[in-house]
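# Observations on chain architecture
Next come the chains, spelled out residue by residue.
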There are 2 protein chains.
Amino acid sequence: MTSSIEIQRVKSSKIASVDFDNLPFGSVYSDHMLTCDFVNGKWQEPKIVPFAPITLDPSAKIFHYGQSIFEGMKAYKDTDENVMLFRPLENCKRLNKSAERLVIPQIPEDIFMDGLKALLEVDSDWIPTNDGSSLYIRPFMFASGTGFHASPADAYKFIICSAPSGPYFAGKVKVLIEEKYARAANGGVGYAKAGGNYAAQFYPTQLAIDKGYNQVIWTDDNSHQFIEEAGAMNIFVRINDTLITSPTSDRILDGITRKSILQIAEDNGIDTEIRKISVGEVVEAAKDGSLKEMFGAGTAAVISPISGFGYNDNDFDLPELENPYAAQLKKLITDIQTNKSEDPYGWRVML
Amino acid sequence: MTSSIEIQRVKSSKIASVDFDNLPFGSVYSDHMLTCDFVNGKWQEPKIVPFAPITLDPSAKIFHYGQSIFEGMKAYKDTDENVMLFRPLENCKRLNKSAERLVIPQIPEDIFMDGLKALLEVDSDWIPTNDGSSLYIRPFMFASGTGFHASPADAYKFIICSAPSGPYFAGKVKVLIEEKYARAANGGVGYAKAGGNYAAQFYPTQLAIDKGYNQVIWTDDNSHQFIEEAGAMNIFVRINDTLITSPTSDRILDGITRKSILQIAEDNGIDTEIRKISVGEVVEAAKDGSLKEMFGAGTAAVISPISGFGYNDNDFDLPELENPYAAQLKKLITDIQTNKSEDPYGWRVML
């Protein structure tokens, strides 16, 4: 299947220098990467090359107009050395939705999928097997075409890199419900994994960190009365025994972990609701004790439990539960991802 | 003043290959560029080097999280070969405002100003003298630090490139008042010259172009009832003899051309108002004939007159005036910029 992709192998692997028992998240890179250029109106042949610096003209539009999108995925290896991915086609489809909004040419599914598989074959030794570790995969696309005019570029690069990684967050996070800043406009690019969406979060997040929180809970930019996302993740709130998440919109990312968790929760007897969540409701629930859990959901952290939140200069602690939904659901989804359980959904893709 | 900046000159200039009578905008680059790196917590020594490709790690955060900002400026040369800039310190200050919002380290004013002057000295032959032409200058900063985690980078590049350029737009533009998409959120980064703000405009702009318009008039993301910007420019509307522009906010760029035009208009007997402009008001004024002019204002185009607008499936033409404000104000400001008139404001900086 992958035989058509040209492979330029590294002369010597750097894998022996990596301590797989103490992996950071996303900062040690595997030996190879997949690259594919869009020039003269079409995608060229993809190829696998050594992970190495990229050379770009100073007038490349990526530097000036933020025309960039990405995805995050993980590859796992089970005890029998089987390599697997989780719903990879969903990432490809979402990358192309982001591409449409950012006027970046869509990547053909076969380049994405065959390229990904070829890369994982070449770098299969880089997939960690320790519990909680995985090979974090970063497909991304950006404008390499040049010119100081604010218009779409005429050339792009699609690249897939990978990084053997430990867990994204260590422990529970304390969050601040945002009352001033916002990450997305109505009719904007909030639903896309556009680079600019992330840089826009850094300053408010830094202010929250300075106040003693780890992350921001984003609210709508108009009223700040509705909860939308948690940092770079989707948000779930458990009130009594019902698990609630905000509906996707043009401001909210259609998270693959989000929709997988919704499905798993429903199939495991947890009541779920997809509806707008008001800040007032969450504060009231925290006060009367019906707020049981909050957590973020995304590829990197899978599920990131929240220990408490700040709002309007008040802090609210969440209870310590015996067997929280967050832990139950995290186990159920990661067991599917890592081939420790049956996969009734057909989400796991074995290579 | 510029003696402290190291200069690595090109071996041979490419200037002889450039047709200065037929310059495009922003796509031919001068021989040199200024570069300065932020590493280990501080800005290093700036230097002038040949304009040449930049090499970056594939995990550099510019590719993933959109941490980039820029400025646009112009240098002019008069008939006596004097080189001049227009309010350059304003660009430096605004770049640093953008830097703060994007969590990019601020560039010291002396690196910006001395670097700019040194670059213009080295590349002074590249400053066009034809009417309407100028050396377009592009200072920009971006995250060169690496890592697949959505947080500010630990290394940055500040670069100034320049491009001898003809006029940005040719002729009047027809615009579409946007009813669905938006460029900026309340509490977002719309007021910053952040790269991501521009990519976010491409798709709605392309839809407008497909309908026969040249540019989009952006409205607020909540109600779409108030006019905010024109493409990548500030917007001015003339109703009867009053020139109106929207107030700056966290969604609207504090344009240097915008505020210069306001000042010049006031000093030349034109009534100005800085206030919210409703779409309904503009449509009514178009219908009753009191809408005399609309134009965009920004560094690249200076003033870009609008011939008509579309809204809610209706097209409205603007009248052809004898001596429109757009032409009067463009002459007044460019005469100051190019040393054809006195500069009572001290805006012109001769090098």
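Residues numbered from 1 in each chain as written. Chains lettered and ligands numbered in written order. Predicted model: local features only at pLDDT ≥ 70, side-chain atom pairs only at ≥ 80, totals over all residues. Heavy atoms only, no water.

## Some points on the interface of chain A and chain B
Threshold: By the convention used here, residues are in contact when the closest approach between their heavy atoms is within 4.5 Å. Throughout, buried area stands for the accessible area (probe radius 1.4 Å) lost by two parts on being put together, summed over both. Throughout this description, the term salt bridge denotes a Lys or Arg side-chain nitrogen within 4 Å of a carboxyl oxygen of Asp or Glu. Contacts described as polar in this section are N or O atom pairs within 3.5 Å, which, within protein, must combine one atom able to donate a hydrogen with one able to accept it, while residues neighboring in sequence count only if both atoms come from side chains.
At the junction of the two partners, chain A supplies 59 residues and chain B supplies 59 residues. Roughly 5,000 Å² of surface becomes buried between chain A and chain B when both sides are summed, with 64% attributable to carbon and sulfur atoms. When the area that chain A buries against chain B is broken down by residue, the three leading residues are Phe 63, Phe 148 and Phe 202 of chain A, summing to 16%. Connecting chain A to chain B are 0 salt bridges. Between chain A and chain B we count 24 residue pairs in polar contact (both at pLDDT 80 or more) in total.

## Considering the side chain of Arg 87 of chain A
All names here are of chain A. Stated precisely, the cut-off is as follows: Strands here mean DSSP runs of E at least two residues long; helices mean DSSP runs of H or I at least four residues long; both are numbered from the N terminus. For every residue, the accessible area obtained with a 1.4 Å probe (protein chains only) is divided by the maximum for its type, and the residue is called buried under 20%, exposed over 50%, and partly exposed between those limits. Just so you know, the count uses Lys and Arg for positive and Asp and Glu for negative, and it drops His and the chain ends.
Position of Arg 87 among the secondary structure elements: in the loop between strand 8 (83-86) and helix 2 (88-102). Salt bridges are absent for the buried Arg 87, whose nearest opposite-charge side chain, Glu 90, sits at 4.2 Å. With sequence-adjacent residues up to four places away left out, Arg 87 is seen in contact with Ile 256, Lys 259, Ser 260 and Trp 347.

## A look at the UniProt feature "modified residue: N6-(pyridoxal phosphate)lysine" (unreviewed entry) in chain A
Residue and element names in this part refer to chain A. For clarity, the cut-off: UniProt positions are given in the numbering used here, feature names are shortened, and annotations may be inferred rather than shown by experiment.
Under the local residue numbering, the UniProt record ascribes the feature "modified residue: N6-(pyridoxal phosphate)lysine" (unreviewed entry) to Lys 193. Take Lys 193: it is sitting in the loop between strand 11 (173-177) and helix 4 (195-210). Contact partners of Lys 193, with chain neighbours within four places excluded, come to Ser 68, Ile 69, Phe 70, Glu 71, Gly 72, Arg 94, Ser 98, Tyr 198 and Leu 253.

## What about the pattern of salt bridges?
Scanning the entire structure with this criterion turns up 34 salt bridges over all chains. The closest approach of N and O atoms between Glu 273 of chain A and Arg 275 of chain A, which form a salt bridge, is 2.6 Å. When its relative accessible area of 32% is taken as the criterion, Glu 273 of chain A is described as partly exposed. Two residues, Arg 251 of chain B and Glu 228 of chain B, come together in a salt bridge whose shortest N-O distance is 2.6 Å. With Arg 251 of chain B in the loop between strand 15 (242-245) and helix 5 (256-267) and Glu 228 of chain B in strand 13 (residues 226-230), the pair connects residues that are 23 residues apart, well separated along the chain. The same class applies to Arg 251 of chain B as to Glu 228 of chain B, namely buried.

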